[in-house]
Amino acid sequence: MKRILITGANGFVGSYLTQYLQEQGYSVTAMVRNSANCKLLFPHIQQIKTDYSQEDLNTAFSGQDIIIHCAALVRARNWNEYYQANVELTKKVMYAYQLNETNSQLVMLSSQAAAGMAAPCQAKKETDPCNPITDYGRSKRIAEHLLIDGCLKPWTIIRPASVYGPGDKDFLSFFQAIQKHLSVNLGKPDKRISFVYVRELADLISKVLEAKASHYQIFFASDGKTYNQSDFVDALHKVIPTWTLQLQLPDSLLIPIAALSEMGGFLTKKAPVLNWQKKDEITGKNWVVSNEKAKSLLGFKPKPNMVNNLKETYEWYQDKGWL
């Protein structure tokens, strides 16, 4: 039985992945910060508590076959926080991976943000130039380069598009708004975006494992369908059948909202959910990626079914008391 260690395993994707891979027959260990909220982790998953020191990583990686690096900081107050969490930690992970002889593969979960937007009316490919527009995206791109330029053992980088599913908190607000009879569409309806359901992302990661075709490669993860920005909300209406007040808000409204959010973050000393850079990301016109490389090299075969996926997510939220 192959042994897998997952860093940042208490998060939305990491926690789902621990259960999914264990069901695939792997022996899975979850590595989480000492202060981490582990409510999403199944209780039978083995845990290692850590402060992500180099010594902890070296010890924890010993005896593992595969390392999946999910630990990252998505929201931060400044560039240094992003750099420490996303770049310096990746550097430590790479060092520990190369130090341990039993480790045979390193999979790093990056982000579509590291690549940036696609050209108008096109889908971004792995060979296209990268143009990240946020500090988060820039930090993930630097972390990618650490592996590309410096890792001598097999690595794989996966860049998910917008991920949704059970356990996610970022899209929860859309469900809450619909339940409160409010349907919000932001900006022009012709914005283009890619999505990937968390189960589809886990399936792609499982196909990467032990596949030599994935070594030293970057893959975008999406369900392969191009959505308009209103498609997500329209699908939610089919899942939560209730009347709603339709609001179409212009992109320009994000300017004062982002400014107020930044001010709130400064006063509370917490990373704001919406900041000035995130505003530019949200108003971007073409966040579409191609999954053709994953389909061709790994046999990835997602089946887009947003309504059914959102129904599963909605039922999970209700079961856990999130809605």
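Below is a summary of the structure that appears in this document. Computed from a predicted structure; not experimentally measured.

## Some details on the environment of Asn80
Alright, step 1. You can see Asn80 is positioned in helix H3 (residues 79–99).
Alright, step 2. Of the residues examined, Asn80 reaches a relative accessible area of 46% and is grouped as partly exposed.
Alright, step 3. Separated by 55 residues in the primary sequence, Asn80 and Asp135 place their C-alpha atoms 9.6 Å from one another.

## Section: the sheet that holds strand E2 (residues 27–33)
Two orientations exist for strands paired in a sheet by backbone hydrogen bonds: parallel and antiparallel.
Alright, step 1. Sheet architecture is open: 7 strands sit in the order E3-E2-E1-E4-E5-E6-E11, paired in parallel fashion. Each edge of the open sheet carries a strand with a single partner, namely strand E3 (46–50) and strand E11 (217–221). The average undirected angle you get between the axes of adjacent strands in this sheet is 20°.
Alright, step 2. Of the pairings in the sheet, the one linking E2 to E3 comprises 5 bridges and is parallel in character. Residue pairing in the sheet places Ala30 in a bridge with Gln47 of E3.
Alright, step 3. Its contacts with the sheet put helix H2 (residues 54–61) on strand E1 (3–7), E2, E3 and strand E4 (66–69), and the angle it makes with E2 is roughly 170°.
Alright, step 4. Packed on one face of the sheet, helix H4 (residues 135–150) meets strand E5 (105–109), strand E6 (155–160) and E11 and runs near 160° to E6.

## Considerations on the side chain of Lys140
Alright, step 1. Within the fold, Lys140 resides in helix H4.
Alright, step 2. Although Lys140 is buried, it makes no salt bridge; Glu144 carries the closest opposite charge, 7.6 Å away.
Alright, step 3. Of note is the side chain of Lys140, whose polar atom sits 3.0 Å from the backbone oxygen of Leu109.
Alright, step 4. Apart from the residues lying within four places of it in its own chain, the contact partners of Lys140 are Ala72, Asn86, Met108, Leu109, Ser110, Ser111 and Ala114.

## Looking at the sheet that holds strand E12 (residues 227–228)
Alright, step 1. What the 3 strands build is an open sheet, ordered E12-E9-E14; its pairing is mixed. A single partner strand is all that each edge strand has here, and the edge strands are E12 and strand E14 (286–287).
Alright, step 2. Bridge count between strand E9 (residues 192–193) and E12: 2 bridges; the pairing is antiparallel. The residue of E12 that forms the bridge with Arg192 is Asn228.

## Quick notes on the pairing of E1
Alright, step 1. Burial analysis of E1 places 4 of its 5 residues in the buried class, the great majority of the element.
Alright, step 2. Pairing analysis gives 5 bridges linking E1 to E2, with the strands arranged parallel. Counterpart to Leu5 in the pairing with E2 is Thr29.
Alright, step 3. Between E1 and its parallel partner E2, the chain crosses via helix H1 (residues 12–23), and the hand of that crossover is right-handed.
Alright, step 4. As judged from the 4 bridges shared by E1 and E4, these two strands associate in the parallel manner. Bridged to Ile6 within E4 is Ile68.

About the cut-offs
- Residue numbering note: each chain is counted from 1, following its sequence as written.
- Reporting in this predicted model follows two pLDDT cut-offs: at least 70 for local features of residues, and 80 or more for side-chain atom pairs to be given and counted; totals over whole chains, interfaces and linings ignore these cut-offs and use all residues.
- In computing side-chain properties, one takes all heavy atoms of the structure into account and sets aside hydrogens as well as water.
- By the criteria applied, helices consist of DSSP H or I runs no shorter than four residues and strands consist of E runs no shorter than two, each listed in order from the N terminus.
- Each residue's exposure class comes from its accessible area (1.4 Å probe, protein chains only) as a fraction of the maximum for that residue type: buried when under 20%, exposed when over 50%, partly exposed otherwise.
- A strand pair is defined by DSSP finding two or more bridges across the two strands.
- The axes are straight lines fitted to the C-alpha atoms, using for helices just the contacting stretch, and the angles between their N-to-C directions are given from 0 to 180°.
- The contact rule is simple, with two residues in contact once any of their heavy atoms fall within 4.5 Å.
- For the charge count, each Lys or Arg is scored as positive and each Asp or Glu as negative, with His and the chain ends excluded.
- Criterion for a salt bridge: a side-chain nitrogen of Lys or Arg within 4 Å of a carboxyl oxygen of Asp or Glu.
- Here a polar contact is taken to be a pair of N or O atoms separated by no more than 3.5 Å, where protein atoms must pair a possible hydrogen donor with a possible acceptor and residues adjacent in sequence count only if both atoms sit in side chains.
- A crossover gets the label right-handed when its path from the first strand over the helix to the second runs clockwise, viewed with the strands pointing away from the viewer.

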